[in-house]
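What the coordinates show
So the chains spell out like this:
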Amino acid sequence: PYMRRAYLSGVWGVSPGNYFDSWEPEVHVMDHEKMKREIDKDEIMSAGGMDYGVTSPTCVLMAAQTLDTSIYIYDEYYVADRPISYHAPRIVDMIGDSKMSILCDPSMDSKGNRYVEFTDKTIKDEFKRWGLPLRNGHSNRLDGYTAIKELLDIDPDLGKVDPAVYISRKCRHLIKDLENAQKDDDKPDFVEKDGQYHALAAF
């Protein structure tokens, strides 16, 4: 099937080990200005997703949904090895006046987290102090991977001629993660070494 997609459909860069085997940059990646026009015309809601890293990258993705239920991932923040006092104001600037909620890993709200065991403040508390509206997300990886695969899927036989999600060309780390994520040989329903895919975790 991979060779058929490459030679007959012109879809290159997909290998038998790719987790997101329906990923097609020509279909799923959209120029930012075109995406902005779609969002400005029909947006009904917006939200963000965060994967926080103390020394590893902190990633925040910004998304909007339109009347036809399409989801547009339109912006990306991705910076490694900086303190919360660096990340928070920059993420607040990205949100602007929209006041969208950012969904984060529930462990950021845990006082038992190893990063905050010597203080009464959680990571989430520290971000909120800077005015960042964080809400606990759902951190089940299998549910998340399944949802992403469903959004990316195109199947004309089922009437799915367009994907349910589009990603801005600006979101280069998310694009790279979707292209590079491999199936885990021992647990094929999961991504191998998923801890290194920070943009994917935010998604």
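Above: the structure in question.
Right, let's walk through the structure included here. Just so we're clear, the structure is a prediction, and the values are computed from it rather than from any experiment.

Okay, the packing of aromatic side chains next. For the coordinates displayed, the defined rule picks out 5 aromatic pairs. Residues Y145 and F190 carry aromatic rings whose centres are separated by 6.4 Å and whose planes lie at 80° to one another, so their mutual orientation is edge-to-face. Linking Y145 in helix α6 (residues 141-152) with F190 in the loop between α7 (172-180) and α8 (198-202), this pair joins segments that are 45 residues apart in sequence. Among the aromatic residues, ring-to-ring pairing joins Y19, F20, Y145 and F190 into one connected group.

The subject of this paragraph is the sheet that holds strand β7 (residues 165-168). Strand order in the open sheet made by the 7 strands is β1-β7-β4-β3-β2-β5-β6, with mixed pairing throughout. Single-partner strands in this sheet number two, and they are β1 (29-30) and β6 (134-136). Relative to strand β3 (residues 57-66), strand β2 (residues 43-51) runs antiparallel, the two sharing 8 bridges. When the bridges of β3 are listed, M50 appears paired with V60. Contacts from helix α4 (residues 84-95) reach β2, β3, β4 (71-80) and β5 (102-104), with the element oriented near 160° to β4.

Looking now at the pattern of salt bridges. Enumeration according to the criterion identifies 8 salt bridges in this entry. Between K41 and E38 there is a salt bridge, with the nearest N and O atoms lying 3.8 Å from each other. Highlighted residues: K41 and E38, both in helix α3 (residues 32-42), separated by 3 residues, approximately one helical turn. Assessed through its relative accessible area of 24%, E38 is described here as partly exposed. A salt bridge links D109 to K124; the shortest N-O distance between them is 3.6 Å. A residue pair is termed long-range when its members are at least 10 positions apart, and D109 in the loop between β5 and α5 (123-129) and K124 in helix α5 qualify at 15 residues. Given a relative accessible area of 34%, D109 falls into the partly exposed group. Residue classification places K124 among the buried residues on the basis of a relative accessible area of 8%.

Conventions we followed
- Residues numbered from 1 in each chain as written.
- Predicted model: local features only at pLDDT ≥ 70, side-chain atom pairs only at ≥ 80, totals over all residues.
- Heavy atoms only, no water.
- Phe/Tyr/Trp six-rings, centres within 6.5 Å; stacked < 30°, edge-to-face > 60°.
- Helix = DSSP H or I, 4+ residues; strand = E, 2+ residues; numbered from the N terminus.
- Pairing = 2+ DSSP bridges.
- Contact = heavy atoms within 4.5 Å.
- Axes fitted to C-alpha atoms, helices over the stretch in contact; angles between N-to-C directions.
- Salt bridge = Lys/Arg side-chain N within 4 Å of Asp/Glu carboxyl O.
- Buried < 20%, exposed > 50% of the residue type's maximum accessible area, 1.4 Å probe, protein only.

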